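# Commentary on secondary and tertiary structure
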Amino acid sequence: MKFKKSKQMKIYKYISLFFVTVLSFTLSSCRSSDDNEAKDTSPGNLQIKFENGFNNLGNIVLGQTIQTSTNGQKHNFSTLKYIVSNITLIDENGGEFKYNYNNPDKGAFIVDQAEAVGGIIYINLTGIPKNNYKKVRFGLGINQNAYLLGQDGQGIFWQKAKTAGMAWSWAAGYVFVKLEGKYGTGTADTNFMNHCGNMGDVSANNTPDLYREITLDLPTTARLTQNIRPSVHILADLNQYLSGQTALTLSKSNESAMGSNQHLVNVTNNLTRMFKVDHVHND
Ligand SMILES: [Cu+2]
């Protein structure tokens, strides 16, 4: 009898211990996940790195790195600049976060090889929602809808672009991509300048729209939190310029081209394929 009672008590003790353990475990896990969520909903930052190179030669050094195109032309760059805007981050469920979309003053940037530090140009974005991002999209150039906001709607970026030589008159608008350097058959000794951009209002002027949006997969998910600022490292392979989907030959007829003629449409379409995300840093 005594034995039986103490055994019952023992069992009761075990059962109550079990429930206390389960209860405290549940409570603590609830509490910790609540804590995490409360902490993590605050936005964070994201960095995008642009590294311009020739995939077989490495980083481009302005005025130095010489490449030979598929059509056999030697060429180098003395100027290599382009405008990036409308950066969009796409999460694992396909949701999109648009960073100052069609707001050049806050959402457009000039990638200028002359400003590269260790071969890299940095763009720093702030106030990005916590999320796991799988893709990045950006515009090469300025969207027509942004341009049509007028000069007052983008006074800060317009001035920046002017100073950087990435704008014509307001009527002609922005230079989206500016490539200058030397080319030649035996040696690169003839100057070229290819400046791609819309000639103002493309539907009013009936001219091609050279603005392009490019979507890139991230090889590793960018896990952005308040404390983790992912860095998306993009390589741009400038071989696409003359040796891309349309092989191009520089000549007297196109060595000094500005605007949106057929040669510059081809250049733009080639360059649209030059970007890839090489890796993502989550730290
Ligand atoms: Cu990197």
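Residue positions are given per chain, counting from 1 as you read along its sequence in written order. Under the rules for a predicted model, residues below a pLDDT of 70 receive no local features and side-chain atom pairs below 80 are neither given nor counted, while totals for whole chains, interfaces and linings still include all residues.

### So, the overall build of the chain
Counting secondary structure elements, the chain contains seven helices and 14 strands. Partly exposed residues are those whose C-beta has more than 12 but fewer than 20 other C-beta atoms within 10 Å; 20 or more makes a residue buried and 12 or fewer makes it exposed, with C-beta atoms placed from the backbone. Relative to its 283 residues, the chain shows a buried fraction of 31%. Here contacts are defined at the residue level, using C-beta atoms placed from the backbone and a cut-off of 7 Å between them. Relative to all contacts within the chain whose residues are 6 or more apart in sequence, the contacts with residues 24 or more apart total 76%. Numbering goes from the N terminus for both helices and strands, where a helix is a DSSP run of H or I of at least four residues and a strand is a run of E of at least two.

### Quick word on the nonpolar core
Burial of nonpolar side chains together is a common tendency in soluble globular proteins. Only buried Ala, Val, Leu, Ile, Met, Phe, Trp, Tyr and Cys residues enter a nonpolar core, and they are joined through C-beta atoms within 7 Å. Ile83, Ile142, Tyr174 and Phe176 are the most contacted members of the largest nonpolar core, which totals 51 residues. With seven residues, the top contributor of residues to this core is strand β4 (residues 74-91).

### With respect to the pairing of strand β9 (residues 177-184)
Residues in a regular strand project their side chains so that they alternate between the two faces of the sheet. Taken together, the eight bridges between β4 and β9 define a ladder with antiparallel strand orientation. Bridged to His75 within β9 is Tyr183. In this description, strands pair whenever DSSP reports at least two bridges between them. Here β9 pairs with strand β10 (residues 190-196) via seven bridges, running antiparallel. Bridged to Tyr183 within β10 is Thr190. Connecting β9 to the next strand, β10, in antiparallel fashion are five residues.

### Examining the environment of Lys74
Along the chain, Lys74 turns up in strand β4. With 16 C-beta atoms packed within 10 Å, Lys74 lands in the partly exposed category. Each residue touching Lys74, except ones within four places of it in the same chain, is listed here: Ile66, Thr68, Tyr183, Gly184, Thr187 and Ala188.

### Some points on helix α7 (residues 262-272)
Those residues of α7 lying buried are His263, Leu264, Val267, Thr268, Asn270 and Leu271. All buried residues of α7 fall inside an arc of 165° around its axis, so they share one side. At its buried positions, α7 is contacted by β8 (131-140), β9, β10, β11 (212-224), α6 (239-243) and β13 (256-259). Note: the arc covers the axis-to-C-beta directions of the helix.

### Observations regarding unusual backbone geometry
In this model, Asn100 sits at a positive phi of 45°, which is unusual for a non-glycine residue. Along the chain, the position of Asn100 falls in the loop between β5 (96-98) and α2 (104-107). Although it is not a glycine, Asn206 sits at a positive phi angle of roughly 55°. In this structure, Asn206 sits in the loop between α5 (202-205) and β11. C-beta crowding within 10 Å serves as the criterion here: with 8 such atoms nearby, Asn206 is assigned to the exposed category.

### Things to note about helix α4 (residues 155-163)
Turning to α4, its buried residues number three or more, namely Phe157, Trp158 and Ala161. The buried residues of α4 occupy one face: seen down the axis, they fall within an arc of 105°. Exposed side chains of α4 directed beyond 90 degrees from the buried face belong to Gly155, Ile156 and Thr163. Buried residues along α4 sit against α2 and β6 (108-112).

### Focus on the confidence of the model for the chain
Confidence scores per residue from the predictor, reported as pLDDT, run from 0 to 100. The predicted model of the chain has a mean per-residue pLDDT of 90, with 86% of residues at 70 or higher. Across residues 1-5 the pLDDT falls below 50, and counting only partners more than four positions away or on other chains, this stretch makes zero contacts in the model. This stretch, residues 17-37, has a pLDDT under 50; its non-local contacts, to residues over four places away or in other chains, come to zero contacts.

### Let's talk about the environment of Leu148
In this fold, Leu148 is placed in the loop between α3 (144-147) and α4. For Leu148, a count of 15 C-beta atoms within 10 Å translates into the label partly exposed. It is 10.0 Å that separates the C-alpha atoms of Leu148 and Gly173, two residues lying 25 residues apart in sequence.

### Some details on the environment of Lys98
Structurally, the position occupied by Lys98 is in strand β5. As for Lys98 and Phe138, which are separated by 40 residues in sequence, their C-alpha atoms are 9.5 Å apart. Filtering out sequence-adjacent residues up to four positions away, Lys98 remains in contact with Asn86 and Thr88.

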